[in-house]
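Here are the chains, one letter per residue:
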Amino acid sequence: MTTTLAPAAPSADDVLGTSAARTRSAVLERQILEDPGRFRILTGDRPTGRLHLGHYFGTLHNRVRLQDLGVELFVIVADYQVLTDRDVADRLTEHVEELVLDHLAIGVDPERSTVFTHSAVPALNQLLLPFLSLVSVAELNRNPTVKDEIAHSRQSAVSGLMFTYPVHQAADILFCKANLVPVGQDQLPHLEVTRTVARRFNDRYGSGTAVFPEPDALLSEAPLLLGTDGTKMSKSRGNSIALAAGADETARLIKGAKTDSERHIAYDPAGRPEVSSLLLLAALCQGRTPEEVADDIGSAGAAALKRTVTESVNEYLAPIRSRRAEYARDRAYVLRILREGNERARAVADATLAEVRAAMNSRY
Ligand code: TRP
């Protein structure tokens, strides 16, 4: 990457460097349009259940957009990362397959993009060891996202994996020398770890040439969708609408969604968060603004709002759901896509590890 932008000094209420990342992301968006071929993206998810509308409008949709602009895309199914805050990865095979299915359904094209799992790529995981030597325990201790996850962990003791997973995530990103990582705000501290690891590796072992790029965060303006209970939409809270949910299930979930008693429907995210989130959801599906959707409904009340939202969601998701159902009938195909992705990821990881071993004088 040739253009660099001096990051703004973070202010007290901007500890994650969000505003600097936002400014930088706007520059990157322009560069992507000009020359998508110079970017390689790595992004991914933990396989802990079916993806939902919050994921879709937050990040998944953006992955396909970038792929279709011509950026090379790697999607990691982070199966080891599931074990950060729980003892066993429950229904792992099923959840991994769900993630692959979700990606195929939304338009990730296995001809152009690589979908793979952590555990199938040994050379990626081996990078963790030299990378761990490049960060201090104090730095690991300071990571605000990890601190937050530890506070909400379902384990009585913090595992070593929880503590070190941001460095593992650096290996996820750097094994394929990705230079762009589309993330939400909570992942910015992890991306800083990745940048630090890349820089220190290059300084210590690079003998003048950079082995790793320092990847940029591409901060998506993710709309915050609330779940049906009015809190953040989340797999674990049972308040989400899965991409794979059927039309009837969707109608039932939206029907039960929390609203308020005011009859006139207006977009007011601060004052009326639940109604506004429903308006936003309908608007995202219709490609309009939430205000326009609200104007359509006017004083027809919450029931009319819910009908509009249900219709919009079901209409928008119909092609995605039918593609998903088609792929779901062919499990062998889904597994083949994953195996091919793993194969490709292994070849890339082997090449990077060979370079790393050469740089570290451990080629014997
Ligand atoms: N930490 C991410 C999450 O919880 C998943 C993830 C694993 C990831 N490795 C990654 C995201 C590398 C971006 C880049 O959703």
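Here goes a summary of the coordinates provided. For every chain, the first residue of its written sequence is number 1, and the numbers climb from 1 along that sequence. Selection of residues for local features in this predicted model requires a pLDDT of at least 70, selection of side-chain atom pairs for listing and counting requires 80 or more, and totals for whole chains, interfaces and linings are taken over all residues. Heavy atoms throughout the structure, all of them, feed into the side-chain values; hydrogens and water do not.

### Some thoughts on the overall build of the protein chain
Line of reasoning, step 1. Scanning the protein chain for helices and strands turns up 14 helices and 5 strands.
Line of reasoning, step 2. All radius of gyration figures rest on C-alpha atoms, and the globule criterion is 2.2 Å times the number of residues raised to 0.38. Since a compact globule built from 364 residues should have a radius of gyration of about 21 Å, the 21 Å found for the protein chain is in line with a globular shape.
Line of reasoning, step 3. In terms of overall dimensions, the protein chain has C-alpha extents of about 75 × 50 × 50 Å along its principal axes.
Line of reasoning, step 4. Per-residue accessibility, obtained with a 1.4 Å probe over protein chains only, is compared with the maximum for each type, and a residue is labelled buried under 20%, exposed over 50%, and partly exposed between these values. Out of the 364 residues in the protein chain, the part that is buried amounts to 51%.
Line of reasoning, step 5. In what follows, a contact means two residues having at least one pair of non-hydrogen atoms within 4.5 Å. A sequence separation of at least 24 residues applies to 77% of the contacts in the protein chain between residues at least 6 apart.
Line of reasoning, step 6. When charges are counted, Lys and Arg are positive and Asp and Glu negative, with His and the chain ends excluded. In plain terms, the charge of a residue is placed at NZ if it is Lys, CZ if Arg, CG if Asp and CD if Glu. Computing the positive centroid from 42 side-chain charges and the negative centroid from 47, the protein chain places the two 3 Å apart. A run of H or I in DSSP becomes a helix once it reaches four residues, and a run of E becomes a strand once it reaches two; helices and strands are each numbered from the N terminus.

### Re helix H10 (residues 247-255)
Line of reasoning, step 1. Of the positions making up H10, those classed as buried are Thr250, Leu253 and Ile254. When H10 is viewed along its axis, its buried side chains cluster within an angular range of 95 degrees and face the same direction. Summarising the geometry of H10, the exposed residues directed more than 90 degrees from the buried face are Asp248, Arg252 and Lys255.
Line of reasoning, step 2. The elements touched by buried residues of H10 are helix H11 (273-286) and helix H13 (301-328). It is the directions from the helix axis to the C-beta atoms whose arc is reported.

### Details of unusual backbone geometry
Line of reasoning, step 1. Positive phi is not limited to glycine here, since Lys177 has a value of about 55 degrees.
Line of reasoning, step 2. Its location among the elements puts Lys177 in the loop between helix H8 (160-174) and strand E4 (180-183).
Line of reasoning, step 3. The class of Lys177 is partly exposed, set by a relative accessible area of 27%.

### Re the pairing of strand E3 (residues 114-117)
Line of reasoning, step 1. Neither face of E3 is open: one carries Thr114 and Phe116, the other Val115 and Thr117, and all of them are buried.
Line of reasoning, step 2. One bridge is not enough; two strands pair if DSSP finds at least two bridges between them. Here 4 bridges tie strand E2 (residues 72-77) to E3, and the two strands are oriented parallel to one another. Counted as the bridge partner of Phe74 is Thr114 from E3.
Line of reasoning, step 3. By convention a crossover is right-handed if, when the strands point away from the viewer, the path from the first strand over the helix to the second runs clockwise. The handedness of the E2 to E3 crossover, carried by helix H3 (residues 92-106), is right-handed.

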